[in-house]
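In case you want the letters, here they are:
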Amino acid sequence: MRIPKPIDLLLAGSLWLCGAVLCAQVAPDCGQAVPICSNTPVNGGTTGYGIDDFGGAAASGCLERTTSGYIESNSAWYRFRTGASGQLGFNIAFDASEDWDFALYRASDCNTLGDPVRCNFYDNQEGASYMGVGEDPTGNTESYQYEPWLDVQAGEDYYLLINNFSNTNSGFSIQFSGQIFTDAPNTALDCSIVSNLLGPPVAACQGDTVPLDAFTPTATAYAWFLDAGSGFLPLSGETNPTLNATQAGMYRVQVFMPDGSQIISDVQVGFSPVPYTNPLADLFYCDQGQGLNLHQLDAAALGVQAPSEFRVSYYTDPSDAGADRNPLPGLWEPAAGMYTVYVRTTSLANPICYDVSVSFQVTSAAQPLLDFPEEAFICGDGTAVTIGQATAEPGVEYLWDHGPTGPEVQVNAPGTYTLTARAGGSGSGCETVRSVQVQVSTPPGIGSILLEDVQANNRITVVPVAEGDFRYALDNGPFQESPVFEGVTPGTHQLTMRDALGCGQVTETITVVGFLPFFTPNGDGINDLWHVQGLEQLEAPVVFIFDRFGKLLKQLDQSSPGWDGTFNGVNLPDSDYWFRLEYTDPRGQRIQDQFLQAHFALKR
């Protein structure tokens, strides 16, 4: 039997290009664009550009001249017609190492292409496996390889140019997408434009049987041929008008008519491997604001399957997984709770070849919160203080480094206490650690009272015995943080000092009087006498003056003119001298003021 050649055609449909492995329906010229109305199998690649379809133009939309000197370098042309209205897109799948461009024209004739309605020329530095219109099926929303969805009306004709910039490529497949394929899955594209007897190229999955139908009324005989990469060879015994194709390649049918003529039709049938998905273990996710990268599981899901041939996507709804819609983002941020995640493993060459048999559980928990104060105080009397987190979070375990469990604990000893809050149990890694330093609070104590000068309204400063966090009140007034009081009148006052943390309080009687820090009894009339000022505000005040050894030198009351620096009429030497003040309080008790600066200097 003579093997027919393409020139024997009476019915269009034998446009083909042989690659290294098989022959495919590829047209390098717009005028011979391959009509399609469904997904296409991976072809054998493109070589050359036929004629210049742009008449020497320097650019068409985003496409510019290549190294060939023309817009095309290694081109393939397709055409399709919409059968429904709505949102349309497509994915062009190829090897991630290759650089492809495309332009889509809304036109019914190659002579009136006009400007493309969608166009992409990016050089694929990102190593993508898809380009097209709509959404990248991998879920990559940042891809430069994709153009916006196209809104179409039924009956519109389109020409699609796919061009490879380099001279080496392994081919591509076309996969249609968009809402019109959901709303009208069988009529989204109009197949009436496909005049080929055997129809458009067929993309199937391994294990499928693809029925090819060449039935022609009045035909007298049929002969079938297959080119699996070595040219067309007859299929022995296949003489029926139909053939069940189970092997990838270019199929040809020769139809014999009663008048002796023949109808020859070719069609490419491609079979993509059906992937499987390895079981995946359940996951615990600790939400630290970074998101969960599910694609770190891709390698485990694929096993020995090549990631260059399959993609893995994840869904929280089984129907979404089956329809390949609404995949989870690359960095998923699930709220706290449990989720069933459904895995879809899809052939890059043909998305109808997929597996959705595997699912696994994801338990998400927020990073435990510990925000309690990192400093606490206990009183010196051994009173305990409560430290830690006031409110426990559900599902969180709490453990203190000294043994107790629970978010709070009472302690009565100083030291550093560390709390670990863990979600998801031991080994989850979802934990927060926080420490609190417990110190003994300094008890209040008045060391001295500083008086700037004795006048009608005075400023006094309280000096505590030791540093601490204290509050002060004068004469039952409000407490204040500052130890400085303004506008204090001469006389006795009640000063209250308390610890800010509640560790004690003291109340003392202070006396607002003044004295010179030094005097010069040299007879010049300036500071010749030393006395305590403001004694007139006290009841029966007496000032006792001593030398450094405690010897009483002079005793003064409010009527005394002052001390002239002598003892028994003898001038005393330059030195520091000490004094104390006694007076009668309102209860009639004799008391000594313990907060006065108790020494002054004699200078001659």
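Rules of the game
- Counting restarts for each chain: residues are numbered from 1 in the order of the written sequence.
- Thresholds applied to this predicted model are a pLDDT of at least 70 for local features of residues and 80 or more for the giving and counting of side-chain atom pairs; totals over whole chains, interfaces and linings are not thresholded and use all residues.
- Processing note: side-chain calculations cover all non-hydrogen atoms of the structure and skip hydrogens and water entirely.
- Counting from the N terminus, the helices are DSSP H or I runs at least four residues long and the strands are E runs at least two residues long.
- The globule rule is 2.2 Å times the number of residues to the power 0.38, and the radius of gyration it is compared with is taken over C-alpha atoms.
- Relative accessibility thresholds used throughout: buried, under 20% of the residue-type maximum; exposed, over 50%; partly exposed, between the two (1.4 Å probe, protein chains only).
- When charges are tallied, Lys and Arg are placed among the positive residues and Asp and Glu among the negative ones, while His and the ends of the chain are skipped.
- Charge positions come from single atoms, namely NZ of Lys, CZ of Arg, CG of Asp or CD of Glu.
- Two strands make a pair as long as DSSP finds a minimum of two bridges between them.
- Angles run from 0 to 180 degrees between N-to-C directions of axes, and those axes are lines fitted to C-alpha atoms, restricted for helices to the stretch in contact.
- Only centres within 6.5 Å qualify two rings of Phe, Tyr or Trp (six-membered ring in Trp) as a pair; their planes then separate them into stacked at under 30 degrees, edge-to-face at over 60, and tilted for everything else.
- Distance and angle both matter: a charge sits over a ring if NZ of Lys or CZ of Arg is within 6 Å of the ring centre and within 35 degrees of the ring normal.
- By nonpolar core we mean a set of buried residues, namely Ala, Val, Leu, Ile, Met, Phe, Trp, Tyr and Cys, connected to one another through side-chain atoms within 4.5 Å.
- Two residues form a contact once any of their heavy atoms are found within 4.5 Å.
- Basic side-chain nitrogens of Lys or Arg form a salt bridge, by our definition, when they fall within 4 Å of a carboxyl oxygen of Asp or Glu.
- Confidence of the predictor at the level of single residues is captured by pLDDT, which takes values from 0 to 100.
- Cysteine sulfur atoms that come within 2.5 Å of each other are treated as a disulfide pair.

Visitor: Looking at this structure, how should I read the overall build of the chain?
Guide: The number of helices and strands found in the chain is 3 helices and 47 strands. Here the C-alpha radius of gyration of the chain, 49 Å, is well above what a compact globule of 604 residues would show, namely 25 Å. Referenced to the eigenvectors of the C-alpha coordinate spread, the extents of the chain come out at roughly 160 × 55 × 40 Å. Here the chain holds 604 residues, and 46% of them are scored as buried. Taking the average place of the 24 positive charges on the side chains of the chain and the average place of its 68 negative ones, the gap between the two points comes to 9 Å.

Visitor: Please explain the sheet that holds strand β21 (residues 262-272) as it appears in this structure.
Guide: In sheet architecture, strand pairing relies on hydrogen bonds along the backbone and comes in two forms, parallel and antiparallel. Ordered in space as β15-β21-β20-β17-β18, the 5 strands form an open sheet in which the pairing is mixed. A single partner strand is all that each edge strand has here, and the edge strands are β15 (202-205) and β18 (232-234). Taking the axes of each pair of neighbouring strands and ignoring which way they run, one obtains an average angle of 30° across the sheet. In the sheet, strand β17 (residues 221-227) pairs with strand β20 (residues 249-256) via 7 bridges, with the strands oriented antiparallel. For Phe225, the partnering residue across the bridge sits in β20 and is Arg252.

Visitor: How do you make sense of the packing of aromatic side chains when you look at a structure like this?
Guide: Any two aromatic rings considered together are summarised by their centre-to-centre distance and by the angle between their planes. Summed over the entire model, instances satisfying the criterion amount to 25 aromatic pairs. Through successive ring pairs, a cluster of aromatic residues spans Phe515, Phe519, Trp530, Trp563, Tyr577, Phe579 and Phe600. Positioned above the aromatic ring of Phe372, the side-chain terminus of Arg434 is 5.6 Å from the ring centre. Here the basic side chain of Arg580 rests over the ring of Phe544, its NZ or CZ set 4.5 Å away from the ring centre.

Visitor: Explanation requested: the nonpolar core in the structure shown.
Guide: Counting residues in hydrophobic clusters, the biggest one holds 30 residues, and the most contacted among them are Tyr78, Ile162 and Phe172. Among the secondary structure elements, those contributing two or more residues to this core are β6 (75-81), β7 (86-94), β8 (100-106), β10 (130-133), β12 (150-152), β13 (157-164) and β14 (172-177). At 4 residues, β7 tops the list of elements feeding residues into this core. Excluding residues within four positions of it along the chain, Tyr78 makes contact with Gln25, Val26, Ala33, Val34, Ile36, Asn43, Tyr158, Tyr159, Leu160, Ile162, Phe172 and Ile174.

Visitor: Is there a simple way to think about the pattern of salt bridges in this case?
Guide: Opposite charge on two side chains lets them pair, provided their charged atoms get close. All chains considered together, the criterion is met by 13 salt bridges. A salt bridge links Glu156 to Arg106; the shortest N-O distance between them is 3.6 Å. On the criterion of sequence distance, the pair formed by Glu156 in the loop between β12 and β13 and Arg106 in strand β8 is long-range, its members being 50 residues apart. Of the residues examined, Glu156 reaches a relative accessible area of 17% and is grouped as buried. Classification of Arg106 by relative accessible area gives partly exposed; the value is 38%. Between Asp320 and Arg325 there is a salt bridge, with the nearest N and O atoms lying 2.8 Å from each other. Classification of Asp320 as buried rests on a relative accessible area of 12%. Using a relative accessible area of 40% as the deciding quantity, one classes Arg325 as partly exposed.

Visitor: Help me understand the confidence of the model for the chain, please; the structure alone is not making it clear to me.
Guide: Interpreting fine coordinate detail is not advised for predicted regions of low pLDDT. When pLDDT is averaged along the chain, the result is 90; 95% of the residues meet or exceed 70. Segment residues 1-23 is flagged for pLDDT under 50; beyond a separation of four residues in sequence, or across chains, it makes 73 contacts in the model.

Visitor: What should I look at first to understand the state of the cysteines in this one?
Guide: In protein structure, a disulfide is the covalent linkage between the sulfur atoms of two cysteines. Using the criterion set out here, one finds 6 disulfides in the structure. Each sulfur in the disulfide pair Cys62 and Cys119 lies 2.0 Å from the other. With the S-S dihedral at roughly -85°, the linkage between Cys62 and Cys119 falls on the left-handed side. Separated by 57 residues along the polypeptide, Cys62 in the loop between β4 (59-60) and β5 (63-64) and Cys119 in strand β9 (residues 118-120) bring together distant segments of the chain. The same class applies to Cys62 and to Cys119, which are both buried. Note on cysteine connectivity: Cys205 is disulfide-linked to Cys353, with sulfurs 2.0 Å apart. One quick way to see it: the torsion about the S-S bond of Cys205 and Cys353 is about -105°, and its sign makes the bridge left-handed. One end of the pair, Cys205, is in strand β15; the other, Cys353, is in the loop between β24 (337-347) and β25 (354-366), with 148 residues separating them in the sequence. For Cys353, a relative accessible area of 1% gives the class buried.

Visitor: Hey, could you run me through the sheet that holds strand β36 (residues 491-499) in this one?
Guide: Spatial strand order, β34-β36-β37: 3 strands in an open sheet with antiparallel pairing. Each having just a single partner strand, β34 (470-474) and β37 (505-512) make up the two edges of the open sheet. Along the sheet, successive strands turn relative to each other by an average axial angle of 25°, direction set aside.

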